[in-house]
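# Chain and residue survey
Here is how the chains run, residue by residue.
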Amino acid sequence: MNSIPVDLSRLSGLLCVAGPERKTDLDGVIRKDRDGNALWVTGVAVRRAGTRKASVIDVQTSAEPEGVTEGSPVGLTELDVSLWEIEGRHGLSYKAASVYPVRPRTEGGAGPASVPTAPQRERGAKAVSS
């Protein structure tokens with residue numbers, strides 16, 4: 001399955017709508033990546049810049065998204081999308097290197113947004129904040 005990088009500059013209004021939880025199979029067994037890290041899934045509302053319609057996507061990560069809570073603005077790093085098909089069903093799967101909290105702009109637009117630096121990591125490794 002090939003993954004396609006998503007141009008994050010074309011998205012706006014990223015908002016956590018379902019807090020991070022461990023990804024499990026139908027029997028409740030925790031899913032893991034190729035390196036043995038537990039997988040996490042976070043529901044994120046995304047909107048294409050310049051439009052009103054938003055979509056909710058489940059974003060999978062190999063590291064727990066720390067500080068991300070339902071209703072909070074978030075940022076994503078290295079978002080990829082893959083098309084999957086199993087037994088006649090098909091869909092899209094979203095995977096990111098990290099999901100991290102972002103503080104919104106202050107009232108009146110004074111100054112730039114207070115945005116933490118995205119956690120930096122290599123695929124399959126734990127996130128490290130700078």
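Everything discussed here concerns the structure shown above.
Notes on the structure follow. (Residues numbered from 1 in each chain as written. Predicted model: local features only at pLDDT ≥ 70, side-chain atom pairs only at ≥ 80, totals over all residues. Heavy atoms only, no water.)

## Thoughts on the overall build of the protein
The condition is simple: By definition, any uninterrupted DSSP run of H or I lasting at least four residues is a helix, any uninterrupted run of E lasting at least two residues is a strand, and each is numbered from the N terminus. For the accessible areas, the method is Shrake-Rupley and the probe is 1.4 Å, while residue cover comes only from the protein chains on display.
A tally of regular secondary structure across the protein gives zero helices and eight strands. Put simply, the protein runs from its N terminus to its C terminus through helices and strands in the order β-β-β-β-β-β-β-β. Carbon and sulfur atoms provide 49% of the accessible area of the protein, an area that totals close to 8800 Å².

## Comments concerning the sheet that holds strand β3 (residues 40–48)
Definition in use: Strands were regarded as paired on the criterion that DSSP finds at least two bridges between them. The axes used here are C-alpha line fits, helices contributing only the stretch in contact, and every angle between their N-to-C directions lies in the interval 0 to 180 degrees.
Read across the sheet, six strands follow the order β1-β6-β7-β4-β3-β2 without closing on themselves; strand pairing throughout is mixed. Taken across any chain shown, the strands that pair with only one partner, and hence form the sheet edges, are β1 (3–5) and β2 (11–22). Shown here is a sheet whose adjacent strand axes are inclined to one another by a mean of 35 degrees, direction ignored. As judged from the two bridges shared by strand β4 (residues 54–61) and strand β7 (residues 89–95), these two strands associate in the parallel manner.

## Points about a nonpolar patch on the surface
In plain terms, the rule: Two joining distances apply to patches: 9 Å for like charges and 5 Å for nonpolar side chains (Val, Leu, Ile, Met, Phe, Trp, Tyr), and every residue must have over 30% relative accessible area and no salt bridge. What counts as a salt bridge is simple: a side-chain nitrogen of Lys or Arg found within 4 Å of a carboxyl oxygen of Asp or Glu.
Among the surface-exposed residues, Leu15, Val17 and Val56 lie close enough to one another that they form a single nonpolar patch of about 220 Å² accessible area. Within the secondary structure, valine 17 sits in strand β2.

## So, the side chain of threonine 42
Just so we agree on the cut-off: When checking whether two residues touch, look at their non-hydrogen atoms; a contact exists if any pair is within 4.5 Å.
Relative to the assigned elements, threonine 42 resides in strand β3. The contacts of threonine 42, once residues within four sequence positions are left out, are Cys16, Ala18, Pro20, Ile57, Asp58, Val59, Pro65, Val68 and Val99.

## Regarding the environment of leucine 76
Test applied: To sort residues, take the accessible area from a 1.4 Å probe on protein chains only and compare it with the maximum for the residue type: under 20% means buried, over 50% means exposed, and anything in between is partly exposed.
Mapped onto the elements of the fold, leucine 76 is located in strand β5 (residues 74–77). Overall, leucine 76 belongs to the buried group, its relative accessible area being 7%. In the structure, leucine 76 is positioned 17 residues away from valine 59 in sequence and 9.1 Å away in space, judged by C-alpha atoms. With near-sequence residues (within four places) excluded, leucine 76 lies in contact with Leu8, Leu14, Val59, Ser98, Val99 and Tyr100.

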